[in-house]
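Survey of secondary and tertiary structure
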Amino acid sequence: MIVEVAELTIKPGDEAAFEAGVAEAAPLFLRSKGCHGLTLQKVVETPNVYRLRVNWETLENHMVDFRGSEEFQTWRKIVGGFFAAPPAVTHEAEAARYGV
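A brief look at the structure comes next. (Residues numbered from 1 in each chain as written. Predicted model: local features only at pLDDT ≥ 70, side-chain atom pairs only at ≥ 80, totals over all residues. Heavy atoms only, no water.)

The next subject is the packing of aromatic side chains. Evaluated as defined, the whole model comprises six aromatic pairs. Between tryptophan 56 and phenylalanine 66 the ring centres are 5.4 Å apart and the planes differ by 40 degrees, which places this aromatic pair in the tilted class. Of this pair, tryptophan 56 sits in strand 3 (residues 49–56) while phenylalanine 66 sits in helix 2 (residues 59–66), and the two are 10 residues apart along the sequence. We note that tryptophan 56, like phenylalanine 66, is buried. Three or more aromatic residues joined by ring pairs make a cluster, and in this case those are Phe29, Trp56, Phe66, Phe72 and Trp75. (Phe/Tyr/Trp six-rings, centres within 6.5 Å; stacked < 30°, edge-to-face > 60°. Helix = DSSP H or I, 4+ residues; strand = E, 2+ residues; numbered from the N terminus. Buried < 20%, exposed > 50% of the residue type's maximum accessible area, 1.4 Å probe, protein only.)

This is how it looks when you write it as structure tokens:
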């Protein structure tokens, strides 16, 4: 499992509209090849910064299948206008798990 972590800085005042946009766009991710769910988290110390975490079966499912799809283009149309800066995207793979 690969976790995409996209740090998204949103224009101040657009937070509620952005959150609604993510809710609208969630089905785009969920019907994409290899997607196993997503969460949106708001950074407490910086309320206009969010982290979108998407669980993908493989890195290719995100970088090739989703990024090359019409769903990705629609996602960007829905939420792209809220971005104050380009998203910073990284990928994680679990190295160890303790107590969970």
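On to helix 2, then. By the burial criterion, the buried members of helix 2 are Asn61, His62 and Phe66. The arc that holds every buried residue of helix 2, seen down its axis, measures 100 degrees, which confines them to one face. If you follow the buried residues of helix 2, they end up packed against strand 1 (2–9), helix 1 (15–30), strand 3, helix 3 (70–79) and strand 4 (88–92). (Arc of directions from axis to C-beta. Contact = heavy atoms within 4.5 Å.)

A cluster of nonpolar side chains, contributed by Leu59, Met63 and Val64, occupies part of the molecular surface with about 250 Å² of accessible area. Take leucine 59: it is sitting in helix 2. (Patch = residues over 30% accessible without salt bridge, like charges linked within 9 Å, V, L, I, M, F, W, Y side chains within 5 Å. Areas by Shrake-Rupley, 256 points an atom, 1.4 Å probe, with all protein chains shown as cover. Salt bridge = Lys/Arg side-chain N within 4 Å of Asp/Glu carboxyl O.)

Positionally, alanine 20 belongs in helix 1. Taking the relative accessible area as the measure of exposure, alanine 20 reaches 47% and is therefore partly exposed. The spatial distance from the C-alpha of alanine 20 to the C-alpha of isoleucine 78 is 9.7 Å, given a sequence separation of 58 residues.

Moving on, we come to the environment of methionine 63. Relative to the assigned elements, methionine 63 resides in helix 2. For methionine 63, a relative accessible area of 37% puts it in the partly exposed group. A sequence separation of 36 residues divides methionine 63 from glycine 99, and the C-alpha atoms of the two residues are 31 Å apart.

A word on the pattern of salt bridges. Scanning the entire structure with this criterion turns up five salt bridges. The salt bridge involving arginine 51 is made with glutamate 7; its shortest N-O contact spans 2.9 Å. Residue arginine 51 is located in strand 3, and its partner glutamate 7 is located in strand 1; the two are separated by 44 residues in the primary sequence. For arginine 51, a relative accessible area of 36% corresponds to the partly exposed category. We classify glutamate 7 as partly exposed; its relative accessible area is 31%. Linking glutamate 71 and arginine 31 is a salt bridge whose minimum nitrogen-to-oxygen distance equals 3.4 Å. Of the two residues, glutamate 71 is situated in helix 3 and arginine 31 in the loop between helix 1 and strand 2 (35–42); the sequence distance between them amounts to 40 residues. In this structure glutamate 71 comes out as partly exposed when scored by relative accessible area, which is 23%. Note on arginine 31: relative accessible area 55%, which makes it exposed.

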